[in-house]
Amino acid sequence: MKLTAFRIRNFRSIVDTGWQNTSPDNITCLIGQNESGKTSILEGLKVFYTGVISEDVLRSDLSLPEVSCRFNIPKGWLIKITDNPGTELKELLSGLTHLELTRSWIPDLSSVINVSGEISQYLDSLEDAWRIYLKDVTIKLDEEMISIHDMETALSRLIEEETDIRSKLSYNEGKGLSFRLFGKKSADVENSKNAQFPGLKNQLNELKNQKEEITEVLLKKHLVKRAGEKWKKLVENCSQIDNHLNDLSLKLEERLQKMTLLMRPIEDEFDLEWKGVLDDYRETRSERDIKISELDNHIAFSGYIIDGSTEEEAENKVNEVIHFYKSHYNSDFLGRKYFEYCPVFELFEDFGSLLPNRIDMEDIISGNENVEGYKAARNFLSLAKLDYSFFQQPSSRILKQKIENLNHSLTHNFHDFWQQSIGRNNKINIQFELDHYNASYGEKAGKPYLEFWIKDEGERLYPKQRSRGVRWFLSFYMELKASANISDRQMVLLVDEPGVSLHARAQEDVLKVFEDIKEKIQVIYTTHSPHLVEINKLHRVLAVQRDNLESMRSTTRILDPLRLSSASPDTLTPLQSILGNPMGGEGFSSKRVNLIVNDTGSFYLLNAIILLMGFKGKICVIPSTNVSSIPLLCNIMMGWGMDFAVLLFENDDEIQMAKLLKNTIFNTDSGGREHIIRMPGTFLNSEDLLSTLDFKNYILDSREGITVSNSIFIREKELPRNFILSRFLSDVKEEKVKVTDFDEETLENFKLITDLLKGLK
């Protein structure tokens, strides 16, 4: 599994990064100002792996984080690790070449890992169909319960009517009997009896028939009624659980707000009352899931009861319908299963694994991670490919020779990545020795220990006696190389500001280590340094900045390589620097014409001329690092959709560059303004725009005689061109030099260049 993209939501300053692709060559670089959110991205990816967060990552609205990662996988691989997926899911899994996993957090700050993307969509579609089915059954069950209730109400009414009629019949029969007892038989009474009894008896018979019909129906529906009554109890139970869970969620939210303000962890082991709330929340969530599953199954069961099945038949059919509508896998189960194969996300801890001066062999053998330097010593031995058996060599002479050979090999490998020297040629050497404690160490006497040295030709020093930069790089080198050698799972290494304490050249050595391990370990790192960004590999760069550059309360936004042009100049400072721009605040512009010039010296001089002449055109001067880098800058400008032109002088390199640009970059240009501005033949470089006299007075500040062009004079005398031209720009800005100070030749040349710039519209 290889990480190809990520998405982070509701994490510190991040609301939603959207899906961001990592570099296809396994090295991704995040650039941006301080507080832009670069470190938050690394931490978000780290907690995707660990699942552990604290209150301080929550946003002010207490919305809970969610981190998603997308991985490349071999086609058909998911089938091999998924048992009996079923026909439809198997077909889906067999064709997938990527996998999405999402970790979400809940109010108690625990988390769940789910499969997302196409697999989740498929499982959700099954769940949706299942819900629709249950909804249809629920409607039927509700209608049945209403119907049963109506019939029971009708039956009660019929019973009341029957009772009333029987009482009337009993009364009338008793009245007739009294007349007979006294021998007085009234013709009216006889007639009334004959008239009423048959009518009441008919009503009674009719009621009896209705009662029998309803009773028969109710008898048939007694299983439906029993299922419905249980359904109502389950619904009520689930509702009570939900209400209780909502109450607990509110308590958790209040607690989160309080703990965030107090900067204390949510789980306080000494707060027994709060521990009870957390335990209650977790138990209630588990109970709710069980009850919801029970309710769903009972609804399905009730559907078959409605259709006339016996309870035993319905129980059997429930399993069938669940199998029909639902996969026996869900997003949660598959998420946890696939996560077992997920790469390890490791955040490199600055100075977290420094090589110690000394460590006991006993601590290494026992794996005592609490002892100082254990991790670094373990990394060292891993690089040397040593285990405890190596030190069991009975011959001390042979053992010492082997250790000496290993020291030489380790140092040689280290030199492949560490180019720094102490002085001109004196490089450091890494050494370790096996020794034993003498009698003065009491209980440790006679026990073996390893001792480490960082040696140069001048002296041999313990690691702690070396510079911060050397110690950091050695720690960094050993951990990365050891991880690449021993990891049985793929790894994503997260590095925040590598090499801050290193010299510029040593920072470039950091990139060499990244390049060396990238086939085994993916690297995502943050930086402000131009020495940690490769200009020919801008596809690696993601720019990180705030939505509102004026407010640190605004949210984090990520710009991919195709949208770098919309990043702020401060965000792009590392790129500006490696492209040659010495003034970070004056970078590329999407609102002006970007004029590419040959180098930093010309950048300074042209900006000075623009100031002196009061030129107001919308021009942004962009320096290349040298003439050969101009095509790269042109491609960047074209890729970012920016308006640009190239200013070239009449030296051999730039004459050839003009031909190259015509044949490659601008060979399809069919019209519009000219993209290549050529200076006349007398101007070999930008300093030739000044007369010899003005050049001596305002650039060189010297009365030295000059018999060649200004540019040739600088080259022959090996003068610091960038420095003297930057000093000239400073003098112009401070108004130490004004336009009226220059002679007619210089002013004509200045007007020539500004007239050319006016054509850039």
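Rules of the game
- Residues numbered from 1 in each chain as written.
- Predicted model: local features only at pLDDT ≥ 70, side-chain atom pairs only at ≥ 80, totals over all residues.
- Heavy atoms only, no water.
- Helix = DSSP H or I, 4+ residues; strand = E, 2+ residues; numbered from the N terminus.
- Buried < 20%, exposed > 50% of the residue type's maximum accessible area, 1.4 Å probe, protein only.
- Contact = heavy atoms within 4.5 Å.
- Areas by Shrake-Rupley, 256 points an atom, 1.4 Å probe, with all protein chains shown as cover.
- Polar contact = N/O pair within 3.5 Å; in protein donor to acceptor, adjacent residues only side chain to side chain.
- Pairing = 2+ DSSP bridges.
- Axes fitted to C-alpha atoms, helices over the stretch in contact; angles between N-to-C directions.
- Core = buried A, V, L, I, M, F, W, Y, C linked by side-chain atoms within 4.5 Å.
- pLDDT = per-residue confidence, 0-100.
- Parallel < 35°, antiparallel > 145°, perpendicular 65-115°, else oblique.
- Left-handed = near helix turned anticlockwise from the far one by under 90°.
- Nonpolar A, V, L, I, M, F, W, Y, C, P; charged D, E, K, R; others polar.
- Phe/Tyr/Trp six-rings, centres within 6.5 Å; stacked < 30°, edge-to-face > 60°.
- Lys NZ or Arg CZ within 6 Å of the ring centre and 35° of its normal.
- Expected span 1.5 Å × (residues − 1).
- Salt bridge = Lys/Arg side-chain N within 4 Å of Asp/Glu carboxyl O.

## Thoughts on the overall build of the chain
Then step 1. For the chain, the count of helices and strands is 22 helices and 20 strands.
Then step 2. Across the 761 residues of the chain, 47% fall into the buried class.
Then step 3. Across the chain, the fraction of contacts at a sequence separation of at least 24, relative to all contacts at a separation of at least 6, is 71%.
Then step 4. Here the chain displays about 39200 Å² of accessible surface, and carbon together with sulfur accounts for 49% of that area.

## As for the side chain of Asp 108
Then step 1. Structurally, Asp 108 can be placed in the loop between strand 6 (98-105) and strand 7 (111-116).
Then step 2. The buried category is assigned to Asp 108, whose relative accessible area is 2%.
Then step 3. At a separation of 2.6 Å, a polar atom in the side chain of Asp 108 contacts the side chain of Arg 282.
Then step 4. Residue contacts for Asp 108: discarding those within four places in its chain leaves Leu 252, Leu 278, Tyr 281 and Arg 282.

## Concerning the sheet that holds strand 14 (residues 521-527)
Then step 1. Taken in spatial order, the six strands make up an open sheet running 8-13-14-4-15-16, and their pairing is mixed. Strands with a single pairing partner mark the edges of an open sheet, and in this sheet they are strand 8 (344-347) and strand 16 (556-559). The average angle at which neighbouring strand axes cross in this sheet is 20°, direction not considered.
Then step 2. Set on the sheet, helix 1 (residues 38-50) makes contact with strand 4 (27-31), strand 8, strand 13 (491-495), strand 14, strand 15 (541-546) and strand 16; between it and strand 8 the angle comes to about 140°.

## Some words on the nonpolar core
Then step 1. By size, the foremost hydrophobic cluster in this structure holds 73 residues, and its most contacted members are Phe 380, Phe 476, Phe 514, Tyr 525, Ile 630, Cys 634 and Leu 661.
Then step 2. Looking at which element gives the most residues to this core, the answer is helix 13 (residues 468-486), with eight residues.
Then step 3. Look past the residues within four positions of Phe 380 in its chain and what remains in contact with it is Leu 355, Leu 410, Ile 430, Phe 432, Phe 452 and Met 478.
Then step 4. In this structure, Phe 6, Phe 48, Phe 71 and Tyr 338 belong to the second largest nonpolar core, which totals 48 residues.

## Here's the deal with the confidence of the model for the chain
Then step 1. Within the chain, residue pLDDT values average 81, and 84% of them lie at 70 or more.
Then step 2. The weakest mean pLDDT in the chain belongs to helix 15 (residues 573-578) at 65; the strongest belongs to strand 5 (residues 66-72) at 94.

## Examining the packing of helix 7 (residues 272-306) against helix 8 (residues 311-325)
Then step 1. Closest axis-to-axis distance for the helix 7/helix 8 pair is 8 Å, and the angle between their directions is 125°. Considering the angle they form, helix 7 stands oblique to helix 8. The crossing of helix 7 and helix 8 is right-handed. Listed contacts from helix 8 to Asn 297, Ala 300, Phe 301, Tyr 304 and Ile 305 of helix 7 are Glu 311, Ala 314, Glu 315, Lys 317, Val 318, Val 321 and Ile 322.
Then step 2. By residue class, the composition of the contact of helix 7 with helix 8 is eight nonpolar, one polar and three charged.

## A look at the packing of aromatic side chains
Then step 1. Counting across every chain of the model gives 15 aromatic pairs.
Then step 2. Summarising the aromatic geometry, the rings of Tyr 329 and Phe 333 are spaced 5.2 Å apart at their centres and angled 25° between planes, so their arrangement reads as stacked.
Then step 3. The class for Tyr 329 is buried, based on a relative accessible area of 8%.
Then step 4. Geometrically, the ring pair formed by Tyr 437 and Tyr 441 is tilted, given 4.7 Å between the ring centres and 50° between the ring planes.
Then step 5. A connected cluster of aromatic rings, assembled from ring pairs, spans Phe 48, Tyr 49, Phe 71, Phe 339 and Phe 345.
Then step 6. Against the face of Trp 19 rests Arg 70, its NZ or CZ located 4.0 Å from the ring centre.

## Digging into the sheet that holds strand 17 (residues 593-597)
Then step 1. An order of 18-17-19-20 is seen for the four strands of this open sheet, with the pairing classed as parallel. Among the strands making up the open sheet, the edge pair consists of strand 18 (619-623) and strand 20 (676-678). Each neighbouring strand pair of the sheet contributes to a mean axis angle of 30°, computed without reference to strand direction.
Then step 2. The sheet contact formed by strand 17 and strand 19 (residues 644-648) spans three bridges and is parallel. For Leu 595, the partnering residue across the bridge sits in strand 19 and is Ala 645.

## Here we look at helix 21 (residues 721-733)
Then step 1. Taking 1.5 Å of rise per residue, the 13 residues of helix 21 would be expected to cover 18 Å, and the 19 Å separating its terminal C-alpha atoms lies within 8% of that figure.
Then step 2. Regarding helix 21, the residues found buried are Arg 721, Ile 724, Leu 725, Ser 726, Phe 728, Leu 729, Asp 731 and Val 732.
Then step 3. Structurally, helix 21 contributes buried residues whose contacts are with helix 16 (600-612), helix 19 (692-700) and helix 20 (710-717).

## Things to note about the pattern of salt bridges
Then step 1. Within the structure shown, the criterion is met by 30 salt bridges.
Then step 2. Residue Arg 288 is joined to Asp 289 by a salt bridge in which the shortest nitrogen-to-oxygen separation is 3.7 Å.
Then step 3. Residue classification places Asp 289 among the partly exposed residues on the basis of a relative accessible area of 40%.
Then step 4. With its nearest N and O atoms 2.9 Å apart, the salt bridge here joins Glu 687 to Arg 721. Here the residue Glu 687 occupies a position in the loop between strand 20 and helix 19, and Arg 721 occupies one in helix 21, the gap between them amounting to 34 residues. Across the pair, Arg 721 and Glu 687 agree in class, each one buried.

## What about the packing of helix 16 against helix 22 (residues 744-758)?
Then step 1. Contact geometry of helix 16 with helix 22 gives a least axis separation of 10 Å together with a crossing angle of 90°. As far as their axial angle goes, helix 22 and helix 16 are roughly perpendicular. Contacts between helix 16 and helix 22 pair Leu 606, Ile 609, Ile 610 and Leu 612 from the former with Phe 750, Ile 753, Thr 754 and Leu 757 from the latter.
Then step 2. Of the residues contributing to the contact of helix 16 with helix 22, the split by class is seven nonpolar, one polar and no charged.

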